[in-house]
Amino acid sequence: MKIAIHGRNFPESARPYVQAMFEELAKRQVDVLISAGYREFLDNAGVAHYSQSTYLPEEGVIDADFVFSLGGDGTLLDAVTHVGPRQIPIVGINIGRLGFLATVAPPSIRLMIDALFNGKYGIDERTLVNVRSTPDIFGALPFGLNDFTITRTQTSSMITVHSYLDGEFLNSYWADGLIISTPSGSTGYSLSCGGPVLLPENNNLIITPISPHNLNVRPMIVMDTCQLSFEVESRSGNFLAALDSRSFTVDVSARISVQKEDFKARLVKLGDENFLNTLRSKLNWGWDIRN
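Residues numbered from 1 in each chain as written. Predicted model: local features only at pLDDT ≥ 70, side-chain atom pairs only at ≥ 80, totals over all residues. Heavy atoms only, no water.

In the nomenclature of an unreviewed UniProt entry, the protein corresponds to NAD kinase from the organism Spirosoma oryzae. Quoted verbatim from the Catalytic activity (unreviewed entry) heading of the UniProt record, the comment on the protein is "NAD(+) + ATP = ADP + NADP(+) + H(+)". Checking UniProt for the protein, the heading Cofactor (unreviewed entry) contains the comment "a divalent metal cation". (UniProt positions renumbered as here; feature names shortened; annotations may be inferred.)

This is the structure in structure tokens:
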């Protein structure tokens, strides 16, 4: 088996679990490939990883059976860009905070590895968004798992986002910005702006305005087979365009379209793990001092 590993720095409390993971992989004679930046961190932290093989994130993971993401949801979003259209299954190990996407707890790492070797896992396929623009904004990585956002710059007033659905005029959003979210991203930025929660298997996208000036403007759910396009007006002459964790300042002359990506992200699901359990535990549903 060949496993690629990507991560970020971790608290000292997680060190024993990370070290135990590498020891378990070495014992099972797994061919381990580590992202260049993460390997440098591991070397500086004194973690023995027993691997001489690295890959550059900009080149991505070419060949692996699985990709391990060690961190929070942001780290897993990075791993999605490393995999891209190759659709290698990603295991999210939660050494971060919330962990809607990275769901494997550090104490369960050895059990997770055993499940992978014995084929006792499922694959959760997640929709991605694709962003096309003139001029090109996101280069070789025009896709994202969570959301695409158009927002005002820090020094500008509200912006106006003229929005079209399959070429038909939808609305001009006078707001701080607009979020186009996948079902996976519905529990992220969109949720904090009043958007609905969607189950991952839903075939929809969410249009969520950020602090709209017109209070009767509300989030809207559309089919993921449609194409959304946008033109932006801003007093500053520019705006911010962000795709997951990647953001750029863009001139208002840019024309942008968003639609569902042709390929999907494949997340490994273990045991009785399901989205409803994750919702209840992460959003503290039902937690009440009276109960």
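Picking up where we left off.
On to the sheet that holds strand 10 (residues 159-165), then. Pairing within the open sheet is antiparallel, and its six strands lie in the order 8-7-18-15-10-11. Of all strands in the sheet, those with a lone pairing partner are strand 8 (143-144) and strand 11 (168-175), marking the two edges. Strand direction decides the pairing type here: strand 7 (residues 129-134) and strand 8, joined by two bridges, are antiparallel. Bridging from a neighbouring strand, N130 pairs with F143 of strand 8. (Pairing = 2+ DSSP bridges. Helix = DSSP H or I, 4+ residues; strand = E, 2+ residues; numbered from the N terminus.)

What follows deals with the domain arrangement of the protein. By the assigned domains, the protein splits into domain 1 (2-119) and domain 2 (128-262). One C-alpha centre belongs to domain 1, the other to domain 2; they are set 31 Å apart. Every contact between the two is made by eight residues of domain 1 and, on the other side, 10 residues of domain 2. When domain 1 packs against domain 2, the two sides together hide about 730 Å² of surface, and 76% of this comes from carbon and sulfur. Taken together, the connections running from domain 1 to domain 2 amount to zero salt bridges. Seen at the junction of domain 1 and domain 2, the total is zero residue pairs in polar contact (both at pLDDT 80 or more). (Domains from an automatic or database assignment. Contact = heavy atoms within 4.5 Å. Buried area = accessible area lost by both parts, 1.4 Å probe. Salt bridge = Lys/Arg side-chain N within 4 Å of Asp/Glu carboxyl O. Polar contact = N/O pair within 3.5 Å; in protein donor to acceptor, adjacent residues only side chain to side chain.)

Looking at the largest pocket, its volume works out to about 560 Å³. Lining the largest pocket are 29 residues, and of these G72, D73, G74, L77 and N146 lie nearest its centre. Every element with two or more residues in the lining of the largest pocket is listed here: strand 4 (66-71), helix 3 (73-83), strand 9 (147-151) and strand 16 (238-243). Ranked by residues supplied to the lining of the largest pocket, first place goes to helix 3 with four residues. Looking at the lining of the largest pocket, its residues break down into 10 nonpolar, 14 polar and five charged. Domain assignment of the residues forming the lining of the largest pocket places at least three in each of domain 1 (2-119) and domain 2 (128-262). (1 Å grid on protein atoms, 1.4 Å probe; cavity = no way out; pocket = protein on both sides within 12 Å on 5 of 7 lines; lining within 4 Å. Points joined across faces, edges and corners; volume = space filled by probe spheres on them. Nonpolar A, V, L, I, M, F, W, Y, C, P; charged D, E, K, R; others polar.)

Turning our eyes to something else, we now look at the environment of I137. The residue I137 is located in the loop between strand 7 and strand 8 in this model. Between the alpha carbons of I137 and I3 there is a distance of 31 Å; along the sequence they are 134 residues apart. Filtering out sequence-adjacent residues up to four positions away, I137 remains in contact with A241, F248, V250 and I256.

To continue, consider the UniProt feature "active site" (unreviewed entry) in the protein. As recorded in UniProt, the feature "active site" (unreviewed entry) lies at D73. Given a relative accessible area of 19%, D73 falls into the buried group. Discounting chain neighbours no more than four positions away, the residues touching D73 are G99, F100, L101 and A102. (Buried < 20%, exposed > 50% of the residue type's maximum accessible area, 1.4 Å probe, protein only.)

The sites that carry the UniProt feature "binding site: NAD(+)" (unreviewed entry) are, in the present numbering, D73, G74, N146, D147, D176, T187, G188, Y189, S190, L191 and S192. Of the residues just listed, which span 120 residues, the most distant C-alpha pair is 24.6 Å apart, and they do not cluster in one region. In the annotation above, D73, G74, N146, D147, T187, G188 and Y189 are the residues that line the largest pocket. Topologically, N146 is positioned in the loop between strand 8 and strand 9. Once you skip the residues sitting within four places of it in the chain, N146 turns out to touch L77, L101, I180, S181, T182, S184, G185 and D244. Position of Y189 relative to the elements: it lies in helix 5 (residues 189-192).

A separate point is unusual backbone geometry. That bond from T134 to P135 is cis: its omega, 0 degrees, falls within 30 degrees of zero. Even without being a glycine, S211 presents a positive backbone phi close to 45 degrees. For S211, a relative accessible area of 47% puts it in the partly exposed group. Of note in the backbone geometry, D244 takes a positive phi value of approximately 55 degrees without being a glycine. The residue D244 is located in the loop between strand 16 and strand 17 (246-251) in this model. The class of D244 is buried, set by a relative accessible area of 15%.

So, on to helix 4 (residues 109-117). Within the sequence span of helix 4, burial applies to I109, M112, I113, A115 and L116. Axial view of helix 4: buried residues confined to an arc of 160 degrees, hence all on one face. Residues of helix 4 that are buried make contact with helix 1 (15-27), strand 4, strand 5 (90-94), strand 6 (121-126) and strand 19 (265-270). Residue G119 follows helix 4 closely and has a positive phi angle near 70 degrees. (Arc of directions from axis to C-beta.)

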